[in-house]
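The chain contents come next:
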Amino acid sequence: MALSNILETPAAGFNFDNAARNASLEGRLEGGQTPKPLKTGTTIAGVVFKDGVVLGADTRATSGEVVADKMCAKIHYIAPNIYCCGAGTAADTEKTTDLLASNLAIFSLNSGRNPRVVMAVNILQDMLYRYHGQIGANLILGGADCTGNHLYSVGPYGSVNKVPYLTMGSGDLAALGILEDGFRPDLELEKAKELVRLAIHAGIMSDLGSGNNVDICVITKEGADYIRPYQESEYKDDRKMKYRYRPGTTPVLTEKIVPLKLEVVQETVQQMDTA
Amino acid sequence: MLSTHTFGDPGKMKDYHYTGPAEHRFSPYAFNGGTVLAVAGEDFAIVASDTRLSEGYSIHSRDSPKCYKLTDTTVIGCSGFHGDCLTLTKIIDARLKMYKHSNNKTMTSGAIAAMLSTILYGRRFFPYYVYNIIGGLDEEGKGAVYSFDPVGSYQRDTYKAGGSASAMLQPLLDNQIGFKNMEGVQHVPLTKDKAVQLVKDVFISAAERDVYTGDALRICVVTKEGIDEQTVPLRKD
């Protein structure tokens, strides 16, 4: 049974079991041949407004210079009132936020309370610092809890910033320019959404690692509204010619049919619970 | 272009990366992205390139085409390190003028290709970081494409893609123009309009998946009437 790690104290000190192995593998494979982790090369932004927090992200995931995913979801669910945008290595942001979500769910069930944003931040900071930057996750956490509306950024080495507006990822400077110009304290909802949309759009246009659509998540004390996509990319691929292949274009060289001999002994039907 | 990283040497400036300290040496090259494509037909040649100039994750310019007109019947596409592209095209222009003045005729596409090969090999030990493709009409008026590597090895092709998205485009061209990996398909000779449409479609695909390709597409169609240029918009993100 998997117990939450907040019930048992994590091992003291750094855990570098695999770091030495990874370094020697890299050397053995003559540099450049190690599989490149999928990085999200991203623009993510967050803004605290009058009634809550707005988070925004682009949807392009790159693997080197190739776009691996044009509709990747970078805003991750942590709790009904807390969402997290992730930039950096895609696997790291996915797994870290999943682990965080599981731990907070267990906490909620154990204590009967809604999780607070500051708890999520502390768990993340703890874990990322323990791995000394080996986990490449740059996260923007936003949520609305009983103490108010909060926005935090957590870096891969475990650093935390608590600010009213934030951007991260490779397009952070382009987006930050828009936020620095347009941010005011206590914005209205529509203005806040528009500001975040413009910030992500600036990242998409100026940064090669960001692109495609804009996702937005609005979190208030009533709940979260995850709008995906908030703005579709205006660039449609309008190829004029059709590139279809007739059946038979690929030649069949040999064919081998292996019949599966099955005897029906007993047949039962179990309804799937689709409620 | 990636500069060489070396570890160690106390006293040198160290840049801490998550894998450990890394020493950066000055690299004389940079990779400015861009994709070039050339197709040769029966009596025409097409040279196309995107117009984005980038470095790292930033964009320097959205309007920097990589096709350069050399003569009335030849166009060259150069992608790679922009500094070397500019210098190389200046050198080729100067050599063309010199040839014209001493021989009283314009260089043919084949001659330009041979000359470019020697120019590139002349810098064998500090190469021009440029991927060149020449497209034009040969002496008989048929379409010709010559593709080069950075140190001057070249060959005449029917179609070739070079630059950052070349690995994505080349297999598609092999299939659609060379009819490779297909059976029972009519080998219809390529018309100029179909070739231009194919080039546009293929660049739209490249812009979807290659971050260095986009903004706009410049197509130069070379026929005996002259060189016709068109610009088509591509994704800007």
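Calculation criteria
- Residues numbered from 1 in each chain as written.
- Chains lettered and ligands numbered in written order.
- Predicted model: local features only at pLDDT ≥ 70, side-chain atom pairs only at ≥ 80, totals over all residues.
- Heavy atoms only, no water.
- UniProt positions renumbered as here; feature names shortened; annotations may be inferred.
- Contact = heavy atoms within 4.5 Å.
- Buried area = accessible area lost by both parts, 1.4 Å probe.
- Salt bridge = Lys/Arg side-chain N within 4 Å of Asp/Glu carboxyl O.
- Polar contact = N/O pair within 3.5 Å; in protein donor to acceptor, adjacent residues only side chain to side chain.
- Helix = DSSP H or I, 4+ residues; strand = E, 2+ residues; numbered from the N terminus.
- Nonpolar A, V, L, I, M, F, W, Y, C, P; charged D, E, K, R; others polar.
- Buried < 20%, exposed > 50% of the residue type's maximum accessible area, 1.4 Å probe, protein only.
- pLDDT = per-residue confidence, 0-100.
- Pairing = 2+ DSSP bridges.
- Disulfide = S-S within 2.5 Å.

In the nomenclature of an unreviewed UniProt entry, chain B corresponds to Proteasome subunit beta from the organism Xyrichtys novacula. For chain B, the Subunit (unreviewed entry) comment in UniProt is given as "Component of the proteasome complex." Looking at chain B in UniProt, the text filed under Function (unreviewed entry) is "Component of the proteasome, a multicatalytic proteinase complex which is characterized by its ability to cleave peptides with Arg, Phe, Tyr, Leu, and Glu adjacent to the leaving group at neutral or slightly basic pH. The proteasome has an ATP-dependent proteolytic activity."

Looking at an unreviewed UniProt entry, one finds chain A named Proteasome subunit beta, with Xyrichtys novacula as its source organism. Here is the UniProt Catalytic activity (unreviewed entry) comment for chain A, exactly as written: "Cleavage of peptide bonds with very broad specificity." Word for word, the UniProt comment on chain A under Subunit (unreviewed entry) is "Component of the proteasome complex."

Chemist: What should I look at first to understand the interface of chain B and chain A in this one?
Modeler: Across the boundary between the two partners, chain B contributes 33 residues, which contact 35 residues of chain A. Summing both partners gives a buried area of about 3,000 Å² for chain B against chain A, and 52% of it is carried by carbon and sulfur. Linking chain B with chain A are two salt bridges, by the criterion used here. For A:Arg60, the salt bridge goes to B:Asp237, with nearest N and O atoms at 3.2 Å. The interface formed by chain B and chain A holds 17 residue pairs in polar contact (both at pLDDT 80 or more) in total. Within the residue set of the side of chain B that touches chain A, elements represented by two or more residues are strand E7 (58–61), helix H3 (166–176) and helix H4 (192–209) of chain B. Of all the elements, H4(B) adds the most residues to the side of chain B that touches chain A, at eight residues. For the side of chain B that touches chain A, the per-class residue count stands at eleven nonpolar, eleven polar and eleven charged.

Chemist: Where do I start with the UniProt feature "active site" (unreviewed entry) in chain A in this structure?
Modeler: Residue and element names in this part refer to chain A. UniProt records the feature "active site" (unreviewed entry) for Thr-42 in the present numbering. Counting through the fold element by element, Thr-42 comes out in the loop between helix H1 (19–28) and strand E1 (44–48). For Thr-42, a relative accessible area of 1% gives the class buried. Those residues in contact with Thr-42 that sit more than four places away from it in its chain are Asp-58, Lys-74, Gly-86, Ala-87, Met-168, Gly-169, Ser-170, Gly-171, Asp-207, Gly-209 and Ser-210.

Chemist: What is the right way to read the confidence of the model for chain A from this model?
Modeler: Should pLDDT be low for a region, the predicted coordinates there are not to be read in detail. Here chain A averages 87 in pLDDT, and 89% of its residues register 70 or above. Summarising per-element confidence for chain A, the mean pLDDT is lowest in H1(A) (72) and highest in E1(A) (96).

Chemist: Is there a simple way to explain the pairing of strand E7 (residues 137–145) of chain A in this structure?
Modeler: Consecutive side chains along a regular strand alternate between the two faces of the sheet. All names here are of chain A. Of all nine residues in E7, eight are buried; the element is thus mostly enclosed. Here seven bridges tie strand E6 (residues 82–88) to E7, and the two strands are oriented antiparallel to one another. Looking at the pairing, Ala-87 lines up with Asn-138 of E7. As judged from the seven bridges shared by E7 and strand E8 (residues 148–154), these two strands associate in the antiparallel manner.

Chemist: What exactly am I supposed to notice about the state of the cysteines here?
Modeler: A covalent bond between the sulfur atoms of two cysteines is what we call a disulfide. Within the structure shown, the criterion is met by zero disulfides over all chains. A:Cys85 supplies the cysteine sulfur nearest to A:Cys84, a cysteine that is in no disulfide, at a spacing of 6.7 Å. Cysteine B:Cys78 remains unbridged, with the sulfur of B:Cys85 as its closest cysteine sulfur at 5.1 Å. With a relative accessible area of 1%, B:Cys78 lands in the buried category.

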